[in-house]
Amino acid sequence: MTYAKPLPQINSDNQDFWDGCRNHVLKIQMCGSCKKPRLPFSFVCPHCHSTDTKLIESAGRGRVYSYVVYHVAYHPSFKEDLPYVVALVDMDEGVRLLTNIVGCTPEEVYCDMEVKLSWDEVTKDVTLPKFRPVANTRS
Amino acid sequence: MHAVGVLEAGLCTHVLITYGHDARSGDSMKKLLFAMSGDDAVFGHFGATAGYAMAARRAMHEFETGPETWKQIAVGQRKWANLNPRAMMYKQTMTGHDYDTAPRVVEPFGLFDNCLISDGGRACIVTTLERARDLAHPPVTLMGLGMDNPSAELVRAGFLAGPTGAYRAGRQALEMAGITLADIDACQIYDCFTYTVEITLQDYGFFKPGEGCDWLKGGTIEPGGSMPVNTSGGLLSEAYQMGMTPLTEAVMQLMGRCGERQLGQQTNTREPRIILCSDNGGILQSHACYILRRI
């Protein structure tokens, strides 16, 4: 069955990020000048405007900064997932990621909950970084 | 702010600020919000409701707030809309029970935490006081303004539970006006969602974090209340006209052109001399505060 949900718009700015995801490595940009980590990927450091960019690998652990529970499908392909959780996860490396929390019910999610990476291979070329609770994770 | 700049510089004599949109009957608002989603759509994240719901959820974690607070904002503003024949919700009352039982949209928000989507237009003319004195309506002047734009993107905004840009913008505007919150007779707050009203009033300093529910109790912002807020019904209950809804309502209230909902004796509220207004953009990432006065 074809994958009906929106796919990331991959370009020269974020190619390394999505290549990493496909290989189950969450890459984070680190400014070579001011040393601040950043996501989403960008050509220029938003803090100091340097174009000197390094890549680091995330250990895949973080905490839920905030989350919402969708009861409306704004795109028909998400209807089957309702209710589903979209969250902002603060990674231990100091960046924030917009993602989904899977592996638990929406009622079980809370702010500051510890979560870990859970790769979702949605197509042959695209793997999405999602997160599941560290504690009491269902198989 | 741009209008004031070009008037002060002598480049213009009259500045027309306008907005018009067929957001309800057309599909342009939907397209705009979808385009804004970018790669967030990959995770099923769309539009503005969820972004503000994300902020509101974090606020629930950091201080005492939630639907009990937001209900008072939704119900209170609806009472103003019920006095405004131009409001989309003029003939539809809202009880606390209506709010509680409304469909969930993106939790923690239900239907009545969301603003309306409207067809319509608004306009406001800005000119010099010298010119305005000759016009038919009494002049309304700008006492103070402030702006603060803390972030460009949701994922980089570390302050969804405040302080938002309202904190600094509000203080700038009050300082420029040379007044304190005690001098404010009413507020017209950009109310894309109920939580936006709470966090804006909180960051301006009307109450401490988490004390909004108590501050709102007893109809503070309603007709007859001590601090009327969004007296047209606002974006939640009159019409979504971007920042023009608060701006035009403040100006018309100060001119005394608001009919049944006119502040003062008629609605058992203070005679409006000074009204504080807000506007914000993105997901609480840019903010403008301005204070208007009748002279």
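Provided above is the structure to which this section pertains.
Not measured: the values here are computed from a predicted model.

Caption draft 1: Structural view of the layout of surface pockets. Residue and element names in this part refer to chain B. In this structure, the largest pocket occupies an estimated 1500 Å³ of space. Around the largest pocket sit 49 residues that line it, and Ala3, Ile17, Cys124, Val126 and Leu247 are the ones nearest its centre. Listed by contribution, the elements that provide at least two residues to the lining of the largest pocket are helix H1 (2-8), strand S1 (14-22), strand S4 (119-127), helix H6 (129-132), strand S5 (140-148), helix H11 (244-255), strand S7 (274-281) and strand S8 (286-294). Among the elements that make up the lining of the largest pocket, the one with the highest residue count is S5 (seven residues). Lining the second largest pocket are 43 residues, with Leu33, Thr49, Cys115, Ile117 and Phe193 sitting closest to its centre. Taken together, the elements giving at least two residues each to the lining of the second largest pocket come down to helix H2 (28-37), helix H3 (49-62), helix H4 (67-81), helix H10 (234-237) and S7. It is H2 that contributes the most residues to the lining of the second largest pocket, six residues altogether. In terms of residue class, the lining of the second largest pocket is made up of 28 nonpolar, ten polar and five charged.

Caption draft 2: Looking closely at the nonpolar core. Ile101 of chain A together with Tyr195 of chain B are the most contacted members of the largest nonpolar core, which has 84 residues in total. Beyond its immediate stretch of four places on either side in the chain, isoleucine 101 of chain A contacts Val64, Val85, Ala87, Val89, Val109, Met113, Val115 and Phe131 of chain A. By size, the runner-up hydrophobic cluster in this structure holds 27 residues, among which are Met143, Ile184, Leu201 and Phe206 of chain B.

Caption draft 3: Up close: the sheet that holds S7 of chain B. All names here are of chain B. The four strands lie next to each other as S5-S8-S7-S6, forming an open sheet whose pairing is mixed. A single partner strand is all that each edge strand has here, and the edge strands are S5 and strand S6 (186-188). Adjacent strand axes in the sheet meet at a mean angle of 20° when their direction is disregarded. Bridge count for S7 against S8 is eight bridges, and the pairing is antiparallel. When the sheet's bridge partners are listed, asparagine 280 is paired in S8 with histidine 287. Its contacts with the sheet put H11 on S5, S6, S7 and S8, and the angle it makes with S8 is roughly 10°.

What counts, and where the lines are drawn
Residues numbered from 1 in each chain as written. Chains lettered and ligands numbered in written order. Predicted model: local features only at pLDDT ≥ 70, side-chain atom pairs only at ≥ 80, totals over all residues. Heavy atoms only, no water. 1 Å grid on protein atoms, 1.4 Å probe; cavity = no way out; pocket = protein on both sides within 12 Å on 5 of 7 lines; lining within 4 Å. Points joined across faces, edges and corners; volume = space filled by probe spheres on them. Helix = DSSP H or I, 4+ residues; strand = E, 2+ residues; numbered from the N terminus. Nonpolar A, V, L, I, M, F, W, Y, C, P; charged D, E, K, R; others polar. Core = buried A, V, L, I, M, F, W, Y, C linked by side-chain atoms within 4.5 Å. Buried < 20%, exposed > 50% of the residue type's maximum accessible area, 1.4 Å probe, protein only. Contact = heavy atoms within 4.5 Å. Pairing = 2+ DSSP bridges. Axes fitted to C-alpha atoms, helices over the stretch in contact; angles between N-to-C directions.

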